[in-house]
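# Structural description and commentary
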Amino acid sequence: MKKIIYPLFLSFLLLSACQDYEGLVNAEDQLIAVSLVDLTFDFKDVVTFSVTDTITDLFVDARGRVTEKKSAATFQKEVIIKQMTDRGFTYVPLDSISDTYYPDLFFDITYVENQYVQVLGFGWWYSYDPYWFWWDTWSPYYPVSYTYVTSYTAKSLIMDCFSFTETFRNYTVNSRFMGLVRGITKFPENEIKRYMEQTFDQTPELSRN
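Okay, so let's go over this structure. (Residues numbered from 1 in each chain as written. Predicted model: local features only at pLDDT ≥ 70, side-chain atom pairs only at ≥ 80, totals over all residues. Heavy atoms only, no water.)

## Here's the deal with the pattern of salt bridges
Tallying each qualifying case throughout the model produces seven salt bridges. One salt bridge in this structure joins Glu 189 and Lys 193, with 3.6 Å as the shortest N-O distance. In this pair, Glu 189 and Lys 193 both sit in helix H3 (residues 189-201), four residues apart, roughly one turn of the helix. Judged by relative accessible area, which is 23%, Lys 193 ranks as partly exposed. Notably, a salt bridge pairs Glu 191 with Arg 194, separated by 3.6 Å at the nearest N-O pair. Taken together, the residues span about one helical turn, with Glu 191 and Arg 194 both in helix H3 at a distance of three residues. Classification of Glu 191 by relative accessible area gives partly exposed; the value is 23%. (Salt bridge = Lys/Arg side-chain N within 4 Å of Asp/Glu carboxyl O. Helix = DSSP H or I, 4+ residues; strand = E, 2+ residues; numbered from the N terminus. Buried < 20%, exposed > 50% of the residue type's maximum accessible area, 1.4 Å probe, protein only.)

This is how it looks when you write it as structure tokens:
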């Protein structure tokens, strides 16, 4: 009887683990627009903004090691400029920024890719004696060892909006808005644009109008 029950129980564990994993992967692949805003900051008190022309690409591998590089911000920058000008802000090109002049708001763009690894291990049934290599109908169930290793990747595009406050010829930087599009692994540019726009649409506080 044990010989029948334990294989069935093991199969149940494996199927449950696979279902949990598939659900996690599907959740990470879904496009989600998230926005956070500083409710203590009045955006009507500021006028100008600028946007970085590069995206900081961060890749975090399964061991937590971070690799950083830069890529050009193309349509992402265009989306931010249009959204902000439609809300009554004035765009300031990067070449107009100097040590003595900063725009009121500045957008920085980061792309984060995380590689996750999931290891599910199933050890020996009962107590395993390495010197015990025989078994019969009276012995415990034959020992079984199984390890399931898999991985998946989650990706997010983050738009950070900072304000600059001048204090004694220095500038204090404060985060005022963050828009995040998560799960952009398999989606076309137009759909990513739509979710970037959604982060602005769901943040009515970010407006001068």
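So, next bit.
## Quick word on the nonpolar core
With 29 residues, the main nonpolar core has Ile 80, Met 84, Leu 105, Phe 107, Met 196 and Phe 200 as its most contacted residues. For this core, the elements supplying multiple residues, two or more each, are strand S2 (48-60), helix H2 (75-86), strand S5 (105-122), strand S6 (146-167), strand S7 (170-182) and H3. (Core = buried A, V, L, I, M, F, W, Y, C linked by side-chain atoms within 4.5 Å.)

## Regarding the packing of H2 against H3
In the contact formed by H2 and H3, the axes pass within 10 Å of each other and the chain directions differ by 35°. Taken as a pair, H2 and H3 cross one another with a handedness that is right-handed. Residues Phe 75, Gln 76, Val 79, Ile 80, Gln 83 and Met 84 of H2 pack against Glu 189, Ile 192, Lys 193, Met 196, Glu 197, Phe 200 and Asp 201 of H3. Across the contact of H2 with H3, the residue classes tally to seven nonpolar, two polar and four charged. (Axes fitted to C-alpha atoms, helices over the stretch in contact; angles between N-to-C directions. Left-handed = near helix turned anticlockwise from the far one by under 90°. Contact = heavy atoms within 4.5 Å. Nonpolar A, V, L, I, M, F, W, Y, C, P; charged D, E, K, R; others polar.)

Structural measurements only, silent on function.
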